Amino acid sequence: MGAGTQGRTREWRPHWPCAPGAVLAQQRRGAGDPTQRTDLHGRVWRAIRTPDGPATLRVESRAADGVVVGTAWGAGASWALDTMPSLLGADDDPAGFEPRHPAVAEGWRRQPHWRLGASRRVMESLVPSILEQKVTGKQAFGSFRQLVLRHGEPAPGPVAELRLHVQPEPAVLARIPSWEWLQLGVDPARSRTLVTACRVAASLERLVDAPPEEFDRRLRSLPGVGVWTSAEVRQRVLGDPDAVSFGDYHLANWVGWALYGHDITDEEMAEALEPYRPQRGRAAAMACAGGRTRPRRGPRMSVPTHLPTRGTTRRTS
């Protein structure tokens, strides 16, 4: 792709059949996400604002050799390569996961190597998760795409053809005026939540080293951040297999149909998943992968990316 294509490279040999494209799909915010692209060769390119500065990470699977090759550019290249295994699910240990329902067992049989990656970048996940509160995935993805293209910056490295961009810095987001948030399709409630988070971004980034329970408590202390948003962020930032997006527009009904053949409430879903703690999120994903599918009727929104076979839905705070 032109000059400056060398970058820094790392070869990593995972201990399971890692499918980088499938794991990284959990991090993508819609097909038009300008922070993550897949090229014609199946390589995934990610723009990351690392603690050391912007970076571009290209991930390529060489399944025949059992290795994953990462190439990175920019000030944060070393950080991106060092954390690549975590991003691809190396820290997600399914040991001890015991399917207790036929649908969960079937999902686990079909996808025994399903993993949650850990990005270790809080604002990278929190910003789009806030945008996705109480609107359709299509609306939220459009707002996020325009936000990044208007206020972010081109990613380092040979990415001009991909139009890959790094998310805006929190300080930049905090200065966006209210009228421009409205132009982006973001109502005052969400923009206030987002700006508030940006003002404490440094302390939020330090939460990556906290236990999931502490991460959840601290994140939900922010006005406008509730159970749903916290779960969405923990899934992506920590790779937390216990995080369940309670309050989601569709999830309880998907799990209900997979397990019982009918809609259920969040409370009933919580009861059904409780025996799987501390891997309730994995159990929900496997149920949806292996069970019956809910008939399509009534209001339709997009489907969650953290489930193994579906797209994205965004509901409560």
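Residues numbered from 1 in each chain as written. Predicted model: local features only at pLDDT ≥ 70, side-chain atom pairs only at ≥ 80, totals over all residues. Heavy atoms only, no water.

**Looking at the overall build of the protein**
Put simply, the rule reads: Secondary structure is summarised from DSSP: a helix means a run of H or I of at least four residues, a strand means a run of E of at least two, and numbering begins at the N terminus for each. As a reference, a globule follows 2.2 Å times the number of residues to the power 0.38, and the radius of gyration itself is taken over C-alpha atoms. In what follows, residue pairs with any heavy atoms lying within 4.5 Å of each other are defined as contacts.
From N to C terminus, the protein includes 15 helices and 7 strands. Against the compact-globule benchmark of 20 Å for 317 residues, the protein has a radius of gyration of 19 Å, which places it among compact chains. Across its three principal axes, the protein shows a C-alpha extent of roughly 55 × 50 × 35 Å. Here the analysis covers contacts within the protein between residues at least 6 apart in sequence; of these, 66% occur between residues at least 24 apart.

**Considerations on the pairing of strand β3 (residues 44-50)**
Residues in a regular strand point their side chains to alternate faces of the sheet. How we decide: To sort residues, take the accessible area from a 1.4 Å probe on protein chains only and compare it with the maximum for the residue type: under 20% means buried, over 50% means exposed, and anything in between is partly exposed. At least two DSSP bridges between two strands are required for those strands to pair.
Counting buried positions along β3 gives 7 out of 7 residues, so the element sits mostly inside the fold. Taking every second residue as pointing to the same face, both faces of β3 are buried, with V44, R46, I48 and T50 on one and W45, A47 and R49 on the other. Here strand β2 (residues 36-38) runs beside β3; their pairing, made up of 3 bridges, is antiparallel. Across the sheet, the residue bridging to T38 is V44, located in β3. Relative to strand β4 (residues 53-62), β3 runs antiparallel, the two sharing 7 bridges.

**Looking at unusual backbone geometry**
Here R277 and P278 are connected by a cis peptide whose omega angle stands at 10°. You can see P278 is positioned in the loop between α14 (266-273) and α15 (280-290). Here K134, not a glycine, exhibits a phi torsion of approximately 65°, which is positive. Positive phi, close to 55°, is recorded for R163, a residue that is not glycine. Here R163 shows up in the loop between β6 (153-154) and β7 (165-166).

**Overview of the side chain of H165**
With respect to the helices and strands, H165 occurs in strand β7. Under the relative-accessibility criterion, H165 is labelled buried at 12%. Setting aside anything within four residues of it in sequence, one finds H165 in contact with P34, T35, A47, V148, L149, E153, P154 and A155.

**With respect to the packing of helix α5 (residues 122-131) against helix α12 (residues 227-237)**
In plain terms, the rule: Lines fitted to C-alpha atoms define the axes here, with helix axes fitted over just the stretch in contact, and angles between the N-to-C directions of these axes take values from 0 to 180 degrees. With the far helix as reference, a near helix turned anticlockwise by less than a right angle produces a left-handed crossing, and one turned clockwise produces a right-handed crossing. Gly counts as polar in this scheme, as do all residues outside two lists: the nonpolar Ala, Val, Leu, Ile, Met, Phe, Trp, Tyr, Cys and Pro, and the charged Asp, Glu, Lys and Arg.
The N-to-C vectors of α5 and α12 enclose an angle of 145°; their axes lie 9 Å apart at closest approach. The two elements α5 and α12 cross, and the hand of that crossing is right-handed. Judged by residue contacts, V122, S125, L126, S129 and I130 of α5 engage W228, T229, E232, V233, R236 and V237 from α12. Grouping the constituent residues of the contact of α5 with α12 by class yields 6 nonpolar, 3 polar and 2 charged.

**Let's talk about the sheet that holds β4**
Pairing within the open sheet is antiparallel, and its 5 strands lie in the order β1-β5-β4-β3-β2. Both outer strands of the open sheet, β1 (8-12) and β2, are each paired with one neighbouring strand and no more. The average undirected angle you get between the axes of adjacent strands in this sheet is 20°. Across 5 bridges, β1 lies against strand β5 (residues 67-73) in antiparallel orientation. Bridge pairing links R8 to A72 in β5.

**Considering the nonpolar core**
Selection criterion: For the purposes of this section, nonpolar cores are sets of buried Ala, Val, Leu, Ile, Met, Phe, Trp, Tyr and Cys residues that join through side-chain atoms within 4.5 Å.
Counting 28 residues, the largest nonpolar core has W181 and L204 as its most contacted members. Among the elements of the structure, α5, α6 (137-151), α9 (188-199), α10 (201-205), α11 (212-219) and α12 are those that each provide at least two residues to this core. Here this core takes 6 residues from α5, the largest share from any one element. Look past the residues within four positions of L204 in its chain and what remains in contact with it is V122, M123, L126, A197, L219 and L222. With 25 residues, the next largest nonpolar core counts A252, W254, A258 and Y276 among its residues.

**Focus: the pattern of salt bridges**
What counts here: Salt bridges are counted wherever a side-chain nitrogen of Lys or Arg sits within 4 Å of a carboxyl oxygen of Asp or Glu.
Across all of its chains, the model carries 21 salt bridges by this definition. Residues E106 and R109 are paired through a salt bridge, measuring 2.7 Å at the closest nitrogen-oxygen approach. With a gap of 3 residues between them, E106 and R109 both fall in helix α4 (residues 102-110), about one helical turn apart. When its relative accessible area of 57% is taken as the criterion, R109 is described as exposed. The salt bridge partner of R220 is D216, with a shortest N-O separation of 3.0 Å. What you see here is one network of salt bridges that share partners, running through D216, R220, R234 and D240.

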